[in-house]
Every structure is written in C-alpha cells, then in structure tokens.
Amino acid sequence: MAFAGRRDVPEPPDFGILKRLARDQLIYLLEQLPGKKDLFIEADLMSPLDRIANVSILKQHEVDKLYKVESRPAISASDQFCFLIRPRIKTMRYIADIVNADKMSGRSRRYKIIFSPQKFYACEMVLEEEGVFGDVTCDEWSFYLLPLDEDIISMELPEFFRDYFLEGDHRWINSVARALQLLNSLYGPFGKAYGIGRCAKMSYELWRDLEEESEADGQGRKPEIGNVFLMDRAALVADTDYVTALCSQVVYEGLVDDTFRIKCGSVDFGPDVTSSDKSIKVLLNAQDKVFSQIRNEHFSSVFGFLSQKSRNLQAQYDRRRGMDIKQMKNFVSQELKGLKQEHRLLSLHIGACESIMKKKTKQDFQEMIKAEHSLLEGFDIRESTSFIEEHIDRQVSPIESLRLMCLLSITENGLIPKDYRSLKTQYLQSYGPEHLLTFHNLKRIGLLTEQSAGETLTAVESKVSKLVTDRAAGKITDAFNSLARKSNFRAISKKLGLIPRVDGEYDLKMPRDMAYVFSGAYVPLSCKIIEQVLERRGWLGLEEVVRLLNGNEFSVSDSAVEDNPTWESQRVVLAVFLGGCTFSEIAALRFLGKERGCKFIFLTTAITNSARMMEAMIEAKA
C-alpha cells in the first residue's frame, strides 16, 4: 500500500497470554462457588468477556443461566448467584435489593460478587449500609488488559475519561499502575520511560512503587518492549490535545468507528452494508486480510484499492476455466475457501464504504471538514462560526454541534463572550434547556470556555468606546478581545509544526508525514510529542513546548536494565493513552513506526472518538 517502510519493523510480542491469564483466573473464581450457579453480568463487561471466555466455557464450569445486570431483579430458581460487575455504587444497590428480597421471602441462597478489575472500599460500604455485607463473598477479577489486535490493548474503561478529567476521581490510577506492572513483568523490564501530564506522572509513580513492593526481579531477562511513553488525554494547559479527538476522522478505521461504532474490536454491519435483511458482527483486526490493508489509509484511497482487489480476486476465480481435474481438485481443496472468505470480507468493506459515503453526503461532510481546517489554521473564523450556528439551527446533530463548538473554543483559546452567549443560547433553544449542565461540564473540563477580556486593553477600550456609538463600541470590543487572545493551541502548533505548509496539493496516496490522517491539515499533537521525545531520547530541547504543555514531564532510564542497541526491544514502544486513544492517532503512529523502523504498541483506557467524548460530558438523558 502507500507506506514504504525504511527499515524492517520488529514483530509485536504475543499478547495472547493476557487472554489466557484472564480466562484462567475467571475460571478459578467461578470454581470457588462449586455447583450450578446463575451468572449476572454487567452490560459493559459482556463484550470484553466474550473475547476472553465464551458461553460454552462458562457452561463447562457450571454456569447455568446468564443474566444481564438490569434495573429489575431477575426471577431464578438457582441456589447460587454470581455477579460479575464493575465496582459501581448503583450495582451494589441492585445486588443488595436482590439479597434483601430473598431474605424477606425466606429464600436461602449463596451470593458471590466478582469485581472487575478491582473492588473499591466504597462498594463494601454500600453493602454494609444495606445490611447485606455478611451475606455475600467478594472477590476481584484482575482483568486489566484486553488485547483487541496484535498491537492494541484496551483496559475497556471508557468511564476513566469522565471520572478523572471531569470529576477529579483518582480511583482508576491504581488499575493503570497494575496494568503497567503486569505488562512489565511479562514483556519487560522496560528500559526507558517517558511521559507528560499529571495523570501520567501519578500512574508512573504508583507503578514504580508497586514494582518496589513486589519481589519480581527482571534483571538479566531479555525484554520484548524497551520503551514506554505515558500521555494524558488532557496533558495541556488549554487542553489542546482534545483537538485531535475532536477532529473528524478520515482514515478508514476511524470512519468505521465514527459511523458504526467499533465495540471491543468488532462492529455490527447492518442491512445497508450486508445488502440483506440481516446484520453481521465482524471482528476487525489484522486477521482480516482486506481490512488490514485499508485500515490506516485515507478514505479517498480506499475505493480504488477495493476496486483493484475485486479485479484481482475475479482473476483468481477465472483461473478455474483452463484447469484439468487434478488442478481443479487442488484449487478447491487449497484455495477456494480462502478466496470465498476474502470475497465475503471484500463485499462487506465495499458495503461499509458505500454506507459511509451516503451518511457523510447527508451531513455535508466536505463543508464540515473545510470548517474544521479553517479553525485549525486560524483562518475565516467568522465564516466557521456562522457554519456552526447554521448547524445548530438546522438541528443536524446535538453531538456534532457540541463538537464543533468545542473545537472552535480550544483553537481560539476560548470564545469571546458575545459568541459564547450567542452559541449557547442557540444550542439550548435547538436541543433543549436540559443541556445547561452539559455546558457546565464542558466549561469545567476546559472543552468549551469563555474568554475574559484582555486586562491590558480594557482601559484603552473604555476610553475609545465613550467617543463612539453603542454599535461601533461593540465592534471595537470584539477587535480588542481578538488582540488580547493568547492561544496556547496556536503557540504549540507553531512550535511543533502541527499545521504542515505544503506547496500545491497534499498527496494522500503517498503521504510524507502523519498529517495525512487529517487530510494533510494537522499532525496529531500526541503523536508529534512522542516522535520528538523519542528522537531526542528525552525532553532536552523541548523546554518551551513543555512550558506550554503545563509540565509534569518525565524521562527515566532504569539503570538495572541492560541497554543493548542490538536488541529488537529497543525499537518497540508501548504508547499509553490515559483518557482514550483515537484510531487516527493509532494510524499516525503506525505510519511513523514504518518510517522509523520501530513498532508501536498501544495501551489505552478505551478507544475514543469525538462522539464518545461529547457523550461523556452530556447530562441530559436520551
């Protein structure tokens, strides 16, 4: 395809062991409740569980019936209940209601709660308050890491973003530290650790504390991963790194996620894709020969590739015509099954592309991309603001409207008061006053803020405004506000060259840098920082950037780990994204890896995109 790597990229480690460890521990926990039992599973654990242990494995270990944890207690004749849950207060109350209802009716059962990935003291307190703590046994399923692909590991904690960055809740830091400890014990020891952001620093320090407490000794072991880089989703002063997550994705995998929602590495393609009356669940990973070749490509290149692939496949089918019986027998036994599978996948991805095209045409996608690029470059801001106002007035999508407002706010270092009030009023009128709390959340987290007037200019401004009419004074106020702006995004963008300057048209088929993931308009900040730090082997020379990024950077070498440049592990980097990682960032770093001859492994609290980020901030119930 488009990428021509300069060096051989190292093979990723085998992460299958993570699944086996999680499966074995779950089986051990289930067997601690001998005999037949009903298993209640929290909804957002169902997909991860399916990737680890399917129904047949659960049945082998005497799980009789499966229930989803819901608002109403289930009616069951079983003598044993097992609850596989996330550590949440509302789930504790759900379990307590079931136990207390059984007590009231004189029903005797055994209850076991398995917390994943860990239990919290607050949960035990609720059980005690409800008077059921002595009736249940509690355990932990240390299921921290789910390999989604050969180079992607997810903690499947989408709530991490809201809990930490909005609520200031640090409870998941321990889970991140334990996940790093597990990876270090299996694939380390990691020789070098880099990072930026308060959350990243806290996670790193707790991980090192855990390493010191444990008796594990990695000395003398040849590592499979040599470097680790931890990064916050909001590592920056004006939360500039939100820009990457807020931009429309244009690489194929990102568009599939934005359009169909990739969940736990798989996607449900509906009738509009399958050209039938059925939906199909498809696992999207490197095993899919068609998908693996187009996942990182800009969408404009994908149709051409699929068309060529279709012709090649037809040519392979046509070879049958000139075959004798022996050749036909070999063809049927060795090639036909693979060709049929490839044909099925090709049809699905062509259907997905057509469906994406239809949906994006309806949404004025090209106009939206144009507005986004203007915001990134700092041109035609007034026209982009008008586009957002029209988007709100037409009630295209509450999520999309919020996303565009946030992108305008971050790139301009906050909205001028007049625009903030106007856009907020229009949004609440279009989508409902219940979104007032959403605006409060967005302001708290720094996604949608209001500028304060430039202090140095207010005296001059007041004097001038006395000499002119009210209408003219309003225009002058806007002008002074514009002059007073000090946009961190603009400063960081200029310092790191995030907006490429290209003579002529950007070649998306043969990209020269990571900006291709946003049509050549923007290099993801997180990826650029990783590139610069790895190139310098530290933060030296990036002092000005660090100052703009609000500090909390670190660069640590483990003196106990042998630094052997011939080891493949020196070219394997574990990139840890706290608060979520987008498929655009993954594609950009895969590109960088092929260019530099290194392999990036992605560990993220969850896969995210602009819609998930906005939904995490919304208070209004659908």
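Here, every reference points to the structure presented above.
Predicted model only: the values in this text are computed from it and were never measured.

Definitions and limits used
Residues numbered from 1 in each chain as written. Predicted model: local features only at pLDDT ≥ 70, side-chain atom pairs only at ≥ 80, totals over all residues. Heavy atoms only, no water. Helix = DSSP H or I, 4+ residues; strand = E, 2+ residues; numbered from the N terminus. Buried < 20%, exposed > 50% of the residue type's maximum accessible area, 1.4 Å probe, protein only. Contact = heavy atoms within 4.5 Å. Areas by Shrake-Rupley, 256 points an atom, 1.4 Å probe, with all protein chains shown as cover. Expected span 1.5 Å × (residues − 1). Core = buried A, V, L, I, M, F, W, Y, C linked by side-chain atoms within 4.5 Å. Axes fitted to C-alpha atoms, helices over the stretch in contact; angles between N-to-C directions. Left-handed = near helix turned anticlockwise from the far one by under 90°. Nonpolar A, V, L, I, M, F, W, Y, C, P; charged D, E, K, R; others polar. 1 Å grid on protein atoms, 1.4 Å probe; cavity = no way out; pocket = protein on both sides within 12 Å on 5 of 7 lines; lining within 4 Å. Points joined across faces, edges and corners; volume = space filled by probe spheres on them. Pairing = 2+ DSSP bridges. Phe/Tyr/Trp six-rings, centres within 6.5 Å; stacked < 30°, edge-to-face > 60°. Salt bridge = Lys/Arg side-chain N within 4 Å of Asp/Glu carboxyl O. Polar contact = N/O pair within 3.5 Å; in protein donor to acceptor, adjacent residues only side chain to side chain.

J.: Tell me about the overall build of the protein chain, residues and numbers included.
T.: A tally of regular secondary structure across the protein chain gives 26 helices and 14 strands. For the protein chain, buried positions account for 56% of its 622 residues. Relative to all contacts within the protein chain whose residues are 6 or more apart in sequence, the contacts with residues 24 or more apart total 78%. Accessible surface computed for the protein chain: about 28600 Å², of which carbon and sulfur atoms make up 50%.

J.: Talk me through the environment of Val228; I want residue IDs and the actual numbers.
T.: As for its position among the elements, Val228 is in strand β9 (residues 227-232). Through-space distance from the C-alpha of Val228 to that of Phe602 is 10.0 Å; in sequence the pair is 374 residues apart. When sequence neighbours within four positions are dropped, the list of residues in contact with Val228 reads Leu180, Phe190, Lys192, Ala193, Tyr194, Trp207, Leu574 and Val576.

J.: Which residues make up helix α15 (residues 365-377), and what values do they have?
T.: What sets the pattern is the α-helix's 3.6 residues per turn: residues three or four places apart point alike. The end-to-end C-alpha distance of α15, which contains 13 residues, comes to 18 Å, matching closely the 18 Å that a straight helix rising 1.5 Å per residue would cover. What α15 keeps buried is the set Phe365, Met368, Ile369, Ala371, Glu372, His373, Ser374, Leu375 and Leu376. Following α15 by one or two positions, Gly378 has its phi on the positive side, about 80°.

J.: Give me the lowdown on the nonpolar core, citing residues and values where you can.
T.: Grouped together as the largest cluster of nonpolar side chains are 192 residues, with contacts concentrated most on Phe83, Trp141, Leu183, Tyr252, Leu447 and Leu574. A total of 8 residues in this core trace back to one element, the largest contributor, which is helix α17 (residues 398-411). Discounting residues that sit within four places of it in the chain, Leu183 has contacts with Phe15, Leu18, Leu145, Ile153, Gly188, Phe190, Leu574 and Leu603.

J.: Outline the packing of helix α18 (residues 417-431) against helix α19 (residues 436-445), supporting the account with residue identities and numerical values.
T.: Where α18 contacts α19, the axes come no closer than 10 Å and their chain directions differ by 140°. At the point where α18 passes α19, the crossing takes the right-handed sense. Contacts between α18 and α19 involve Tyr420, Lys424, Tyr427 and Leu428 from the first element and Leu436, Phe439 and Lys443 from the second. Residues belonging to the contact of α18 with α19 are distributed by class as follows: 5 nonpolar, no polar and 2 charged.

J.: Requested: an account of empty space enclosed by the protein, with residues and values cited.
T.: In the structure shown here, the tally under the stated rule is 2 cavities of 30 Å³ or more. Roughly 40 Å³ of internal volume is contained in the largest cavity. Every residue lining the largest cavity is listed: Cys247, Ser248, Val250, Ile369, Glu372, His373, Leu376, Phe518 and Ser519. When its residues are assigned to classes, the lining of the largest cavity shows 5 nonpolar, 3 polar and 1 charged. If you add up the space inside the second largest cavity, you get close to 30 Å³. If you trace the second largest cavity, you find it lined by Arg86, Phe143, Tyr144, Leu145, Leu146, Ser154, Met155 and Glu156. Looking at the lining of the second largest cavity residue by residue, the class counts come to 5 nonpolar, 1 polar and 2 charged.

J.: Summarise the sheet that holds strand β14 (residues 599-604); cite the residues concerned and give the values.
T.: Ordered in space as β6-β7-β14-β13-β9-β8-β12, the 7 strands form an open sheet in which the pairing is mixed. The strands lining the two open edges of the sheet, one partner per strand, are β6 (146-149) and β12 (554-557). Direction aside, the axes of adjacent strands within the sheet are offset by 20° on average. The sheet contact formed by strand β8 (residues 192-196) and β9 spans 5 bridges and is parallel. Bridge pairing links Ala193 to Val228 in β9. Where helix α8 (residues 198-213) meets the sheet, it contacts β8, β9, β12 and β13 (572-578), and its direction lies at approximately 135° from that of β9. Against the sheet, helix α23 (residues 525-536) makes contact with β8, β9, β13 and β14, and its axis sits at roughly 145° relative to β9, the strand it touches most.

J.: Give a description of the packing of aromatic side chains that names residues and reports values.
T.: Counted according to the given criterion, the structure contains 26 aromatic pairs. Plain terms: the ring middles of Phe160 and Tyr164 are 6.1 Å apart, the flat faces sit at 20° to each other, and that makes the pair stacked. Linking Phe160 with Tyr164, this pair stays in helix α6 (residues 159-166), spanning 4 residues, or about one helical turn. Since its relative accessible area comes to 1%, Phe160 is described here as buried. Grouped by ring-pair contacts, the aromatic residues Phe40, Tyr67, Phe81, Phe83 and Tyr111 constitute a single cluster.

J.: How would you summarise unusual backbone geometry if you had to cite specific residues and measurements?
T.: Cis geometry marks the peptide bond from Ser116 to Pro117, where omega comes out at 5°. Within the fold, Pro117 resides in the loop between β4 (110-115) and α5 (121-129). Cis peptide bonds are those with omega within 30 degrees of zero, and the linkage from Gly188 to Pro189 qualifies with 5°. Residue position: Pro189 is located in the loop between α7 (173-187) and β8. A positive phi is found at Ser275, a non-glycine position, where the angle reads about 55°. By the secondary structure assignment, Ser275 is in the loop between α11 (271-274) and β11 (280-283). One non-glycine residue, Gln395, lies in the positive phi region at around 55°.

J.: Could you give an account of the pattern of salt bridges, naming the residues involved and the relevant values?
T.: With the rule as written, the count across this model stands at 32 salt bridges. One salt bridge connects Arg382 with Asp419, and the closest N-O pair in it is separated by 3.0 Å. Here Arg382, found in helix α16 (residues 381-393), pairs with Asp419, found in helix α18; they are 37 residues apart in sequence, far enough to count as distant. Residue Arg382 is classed as partly exposed on the basis of its relative accessible area of 43%. Among the ionic pairs, Arg421 bridges to Glu450, the shortest N-O distance being 3.8 Å. In this pair, Arg421 sits in helix α18 while Glu450 sits in the loop between α19 and α20 (458-466), placing the two residues 29 residues apart along the sequence. The network of salt bridges with common partners includes Asp149, Asp151, Glu253, Arg295 and Arg590.

J.: Give a description of α7 that names residues and reports values.
T.: Taking 1.5 Å of rise per residue, the 15 residues of α7 would be expected to cover 21 Å, and the 21 Å separating its terminal C-alpha atoms lies within 8% of that figure. Among the 15 residues that make up α7, 11 are buried, leaving the element largely enclosed by the rest of the structure. Buried within α7 are the following residues: Ile173, Asn174, Ser175, Val176, Ala177, Ala179, Leu180, Gln181, Leu183, Asn184 and Tyr187.

J.: If you had to explain the side chain of Ser584 to someone new, which residues and values would you point to?
T.: Examined against the element boundaries, Ser584 turns out to sit in helix α25 (residues 583-596). Side chain to side chain, Ser584 and Gln249 meet in a polar contact 2.9 Å long. Setting aside anything within four residues of it in sequence, one finds Ser584 in contact with Gln249, Val251, Val517 and Phe518.

J.: Help me get a handle on the sheet that holds β4, residues and values and all.
T.: Sheet architecture is open: 5 strands sit in the order β2-β1-β3-β4-β5, paired in parallel fashion. Only two strands of the sheet have a single partner each, and these edge strands are β2 (63-68) and β5 (136-140). Across this sheet, the average inter-strand angle for adjacent strands is 20°, counted without regard to direction. Relative to β2, strand β1 (residues 37-41) runs parallel, the two being bridged by 4 bridges. Bridge pairing links Leu39 to Leu66 in β2.

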